[in-house]
Amino acid sequence: MHAPSSSRLTPSGVLATARAYPFSTFLTVGLLYVALWLTWRIVDWAVIEATWQAGDRAGCNPEGACWAFILNRLPQFTFGFYPEAERWRAWIVLLAPPALLLLAMAPDFKGRRWIIAGGFIAYPVAALALLSGGSLGLSHVPSDQWGGLLLTMIVGIGAFVLSFPLAILLALARLSKLPALRWLTIGFIDFWRGMPLVAVLFMSVIMLPLFLPPGFEISRPGLALTGLTLYSSAYLAEVIRGGLQSVGRGQTEAALALSFGFWRTQTYIVMPQALRAVLPGIVNSVIALFKDTTYVMIVGLFDLLNIVTAALSDARWLGLATEGYVFVGVIYWLFCFVLSHVSSRLEAQQSRVVRQDQILTGSTQ
Amino acid sequence: MTAPTSIKVRSLSKWFGSWRALQGVSVDIEGGACTVLCGPSGSGKSTFLRCLNGLEEWQTGEIEIGGIAVGDQPRALTRLRRDVGMVFQSFNLFPHLSVLDNVTLAPRRLLHRRRKDAEEQAMRLLQRVGVARQADKLPAGLSGGQKQRVAIARALAMEPKVLLFDEPTSALDPESVKEVLDVMIELAKGGTTMVVVTHEMGFARRVASRVLFMDKGRIVETAEPEAFFTCPCSERAKSFLADIGPP
């Protein structure tokens, strides 16, 4: 089955191809029609007929999207009920991660190690101090006023930054030679993986305070964050364990023979290779985690999704659910797109060399 | 220079499950000399070598390196390994680090050398084993012989008193074998204690001060290379040498 040799993009060539493959031609033309029609409908609704400025629903063109609603509410969707005068603090917290990420992605940037260390240790502490205030002359903003995208980012980044080191420790313990440690870890991981996230969040908000010493209180976002952290660390731990097992025994032996102890062997030799090997899996978990943050609405927190949902019942802007959810969807999609793009760039940098080496030496190991 | 480091092994036994890989091996390995360990595959020579730096655990018997017991206490074992370098059959270079970083990692992280000092030393070593031009490459870009020479430089960077070689040329093509053996011959002249598991009988004959022949978990024969190759005492060694051909 070969296409006629004249199947180039000339009128007669196209016609000949179409006659040679009638079904495939029918399918192509049909799909093209559907795609064009869909694109047109979306562009027509979202751009051409859309209203960008209006005081209320009545001011919007009913034939198109009412983006005025989103624009009007944008500050609230971004910051929740964070006081207006203090929003510069929230801006810093929101913009720091992408800025750090860009810096770390820059080719041949010498300070990458420091950025990563800073991102994992300094950022959470600094962000928390900056947002809640109460020191350094900053006024105190209680955490029940945090909301919207800000809360989503805090919970998402916070849960990742806290669960990642925990997951590394869990993965190491899971592979430990000490049976007690290994079984405890298996139990821990199975417990958190075996429960629905909704149950985890209810438990952490209702039950966790019972275990805390009297007089010691964690705010609701903090409790939800704790639950999400434990839940996602169990998943990440299993991903990282896969990476650890993919690093050949010879690597550990070479390190031990050079008189590296256990922790240094892990830090300098095994972990860098293991994490690189499972980078796609880690990014996958991070994306899942980021989207899972929407569950915090069931314990009464106003993350991006919940605050948009709440705004839908505003009497001046009734019936704009489509606009609201499209907006939320686009924001989430953008974040996940950037994350997977970052991951594929890192993979392209690393995998080439490392895999080649494994093929070359693999046969003798 | 301090006195060369000798190795003392007393009735070393190791079981893998119910199989006894080492059957009470006792031997004194001379310091500052090159000792070659040979024997048929499965005779326990690699296992024996890996016991010397504690990569393999054993059940009964004692090993002393330079008067210090090789034990299972992790901290002491780690300290001891500083003085005992090892070169593996499959190189085991760190694939995520450049050749230079492979060599400098241990001195920098374990001996807390400054980067500049460690790199100068590494370049000297790479020069010595003839791969200085590959310093910035990743191990993946090297030939087998180059990899093994980098692995030797990596071991030398910790300035070990004892060097263990576990079939260092078995994964190489004939041309690379020569590159690596030349480096090892050079090292043997330098007075480091070397224990080499190898099938390269030519190397054994030329360089070794003693040959240990192992079979079924025992050292069957200990001899000067000349004596070993011209008239081996044991039947097992005779048939082994007949099988692999003259050096």
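You'll find the structure just up there.
As the structure is a prediction and not an experimental result, all values here were calculated from the model. (Residues numbered from 1 in each chain as written. Chains lettered and ligands numbered in written order. Predicted model: local features only at pLDDT ≥ 70, side-chain atom pairs only at ≥ 80, totals over all residues. Heavy atoms only, no water.)

A look at the interface of chain B and chain A
Rules: Note on definitions: a residue-residue contact is assigned when non-hydrogen atoms from the two residues lie within 4.5 Å. Here the quantity called buried area is the total loss of accessible area, with a 1.4 Å probe, experienced by two parts when brought into contact, counted for both. When a carboxyl oxygen of Asp or Glu lies within 4 Å of a side-chain nitrogen of Lys or Arg, that pair is called a salt bridge. For this analysis, a polar contact is any N or O atom pair within 3.5 Å, provided that within protein one partner can donate a hydrogen and the other can accept it, and provided that sequence-adjacent residues contribute only side-chain to side-chain pairs. Helix numbering and strand numbering both begin at the N terminus, where a helix is a DSSP run of H or I of at least 4 residues and a strand a DSSP run of E of at least 2. Three classes are used, and their members are as follows: Ala, Val, Leu, Ile, Met, Phe, Trp, Tyr, Cys and Pro are nonpolar, Asp, Glu, Lys and Arg are charged, and the others, Gly among them, are polar.
Between chain B and chain A, the residue contacts involve 29 residues of the former and 27 residues of the latter. Regarding the contact of chain B and chain A, the summed buried area is about 2,500 Å², with carbon and sulfur atoms giving 62% of it. On the surface where chain B and chain A come into contact, there are one salt bridge. Among the ionic pairs, glutamate 253 of chain A bridges to arginine 50 of chain B, the shortest N-O distance being 2.7 Å. Connecting chain B to chain A are five residue pairs in polar contact (both at pLDDT 80 or more). Broken down by element, the side of chain B that touches chain A gets its largest block of residues, four residues, from helix α3 (residues 99-110) of chain B. In the side of chain B that touches chain A, the residues fall into 17 nonpolar, six polar and six charged.

Structural notes on the state of the cysteines
So the rule is basically this: The rule for a disulfide is simple: a pair of cysteine sulfur atoms within 2.5 Å.
A complete count under the given rule lists one disulfide over all chains for this structure. Counting only cysteine sulfurs, cysteine 34 of chain B is the nearest neighbor of cysteine 38 of chain B, a cysteine outside any disulfide, at a range of 12 Å.

Some remarks on the side chain of arginine 108 of chain B
Residue and element names in this part refer to chain B. Stated formally: Exposure classes here rest on a 1.4 Å probe applied to the protein chains alone. A residue is buried below 20% of its type maximum, exposed above 50%, and partly exposed in between. For the charge count, each Lys or Arg is scored as positive and each Asp or Glu as negative, with His and the chain ends excluded.
Among the structural elements, arginine 108 can be located in helix α3. No salt bridge forms around the buried arginine 108; measuring N to O, its nearest opposite-charge neighbour aspartate 101 is 5.0 Å away. In this structure, arginine 108 is in contact with Arg113, Arg115 and Ala118, ignoring residues within four places of it in sequence.

Details of the pairing of strand β1 (residues 7-16) of chain B
Residue and element names in this part refer to chain B. Note the following rule: Here, any two strands with at least 2 DSSP bridges between them count as paired.
Where β1 lies against strand β2 (residues 19-29), eight bridges are found, and the strand directions are antiparallel. Following the sheet pairing, phenylalanine 16 is matched in β2 by tryptophan 19. Hairpin connection of β1 to β2: two residues between the antiparallel strands, including glycine 17 at a positive phi of 65 degrees. Summarising the sheet, β1 and strand β4 (residues 60-65) pair through five bridges and their orientation is antiparallel.

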